[in-house]
Amino acid sequence: MTTAEKYVTAAYCVVFAGVLVYVVLIALKLQRLEREVDELEHREPKPAEDERETVSVG
Amino acid sequence: MRVVARLYRVPLPTLAIASLVLMTVALTLVFYVAPNDANQGFSQRIFYFHVSIAFTAYACFAAGAWKALLHLWKRDPRADLESYVAVHQGVIFGTLVLLTGSIWAKISWGHWWLWGEDELVLFLVLFLFYCAYFMLRFSVDLGPQRANLSAVYALFGVVLIPVSFLAIRIAKSFVHPEVFTLHGPNFGGWILVTYCVAQAALLLFAHTLYRVELAGKRLDARLRELRLA
């Protein structure tokens, strides 16, 4: 492999690696968001608060 | 504008497959079809992706500024997030331009970086300007103030794009090759075809990534709202 070929390979590898890291990061983020959506979907609804006014007795 | 509007209607998987196919075609042309340059030989093959990535970065910054203008002008509620994602993409492609440019500079000029070259320094200024965009954006609390400040900043940055692009034509010491002149590109034949395919591939790829990232950011914002509700 000549010096020029090594440099060209390095340049294209840098582009490939950069794009790969970016895609992996986006994929991980989307995975996390999906998990959070699932958690929200399966969260139990909050019990309705008692709307009556509280008064002291006695 | 109509082309971009049509691209938004294309389903994401189709867009991803199309950009992958186009990228493969571009790489095949770069390594198997395009001839060796008479002056630079094999190392000139960095040009196809280096210049295409640079124009893609400019396009991303310009798109970010356009969306920022829409936010300030029409108060489009989606524009702020779209502007942010476009600037983010521009910075990623900008990083790749600087890295591939340095590698090409080393093999062609014998230096990783030349501070005397206006084209290089002005691109670095443009890149650092948009890097600072994130510092500004995340130093302000979420809300209309953040959106407005970010939009004004992204809009100011667009002025640097023609300055960076024209720097090479203004400069008198032509170390950096001038590939686009007033009379058109300085090359033809398979070199031009390969460059055009690589440029189309990178623009389509950038648009695909933009759509994916934007979908993620919108989902994130919606989740935040739901948690607060």
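About the thresholds
Residues numbered from 1 in each chain as written. Chains lettered and ligands numbered in written order. Predicted model: local features only at pLDDT ≥ 70, side-chain atom pairs only at ≥ 80, totals over all residues. Helix = DSSP H or I, 4+ residues; strand = E, 2+ residues; numbered from the N terminus. Buried ≥ 20, exposed ≤ 12 C-beta atoms within 10 Å, placed from the backbone. Core = buried A, V, L, I, M, F, W, Y, C linked by C-beta atoms within 7 Å. Contact = placed C-beta atoms within 7 Å. Nonpolar A, V, L, I, M, F, W, Y, C, P; charged D, E, K, R; others polar. pLDDT = per-residue confidence, 0-100. Axes fitted to C-alpha atoms, helices over the stretch in contact; angles between N-to-C directions. Parallel < 35°, antiparallel > 145°, perpendicular 65-115°, else oblique.

Novice: Break down the overall build of chain A for me, with residues and values.
Specialist: Helix and strand counts for chain A stand at one helix and zero strands. Evaluated residue by residue, chain A yields a buried proportion of 5% over its 58 residues.

Novice: Quick one: what's the story with the nonpolar core, residue by residue and with numbers?
Specialist: B:Ile53, B:Ala57, B:Cys60, B:Phe93 and B:Ala198 are the most contacted members of the largest nonpolar core, which has 54 residues in total. Elements that contribute at least two residues to this core include exactly α1 (3-42) of chain A together with α2 (12-33), α3 (46-74), α4 (79-109), α5 (118-139), α6 (144-157) and α8 (189-228) of chain B. Top element by residues in this core is α3(B). It accounts for 15 residues. Not counting the four nearest positions on each side in its chain, B:Ile53 is found in contact with B:Phe93, B:Leu96, B:Val97, B:Thr100 and B:Leu202.

Novice: I'd like a rundown of the interface of chain B and chain A, residues and numbers included.
Specialist: Facing 22 residues of chain B, the contacting portion of chain A comprises 20 residues. The element that contributes the greatest number of residues to the side of chain B that touches chain A is α4(B), accounting for nine residues. For the side of chain B that touches chain A, the per-class residue count stands at 13 nonpolar, five polar and four charged.

Novice: Tell me what's going on with the confidence of the model for chain B, and back it up with residues and numbers.
Specialist: Of the residues in chain B, 91% reach a pLDDT of 70 or more, and the chain-wide mean stands at 87. With a pTM of 0.84, the predicted complex shows an ipTM of 0.80.

Novice: Just give me the short version of unusual backbone geometry, but keep the residues and values in it.
Specialist: Residue and element names in this part refer to chain B. One non-glycine residue, arginine 75, adopts positive backbone phi at about 55°. Its place among the elements puts arginine 75 in the loop between α3 and α4. Accessibility expressed as a C-beta count within 10 Å gives 11 for arginine 75, which makes it exposed.

Novice: Could you give me a rundown of the packing of α1(A) against α4(B), with the residues and numbers involved?
Specialist: Interhelical geometry of α1(A) versus α4(B) gives an angle of 170° and a closest axis separation of 9 Å. By the criterion of interaxial angle, the relationship of α1(A) to α4(B) is roughly antiparallel. Here A:Thr3, A:Ala4, A:Tyr7, A:Ala10, A:Ala11, A:Val14, A:Val15, A:Gly18 and A:Tyr22 of α1(A) lie close against α4(B), whose contacting residues are B:Ile92, B:Thr95, B:Leu96, B:Leu99, B:Thr100, B:Ile103, B:Trp104, B:Lys106 and B:Ile107. When its residues are assigned to classes, the contact of α1(A) with α4(B) shows 13 nonpolar, four polar and one charged.

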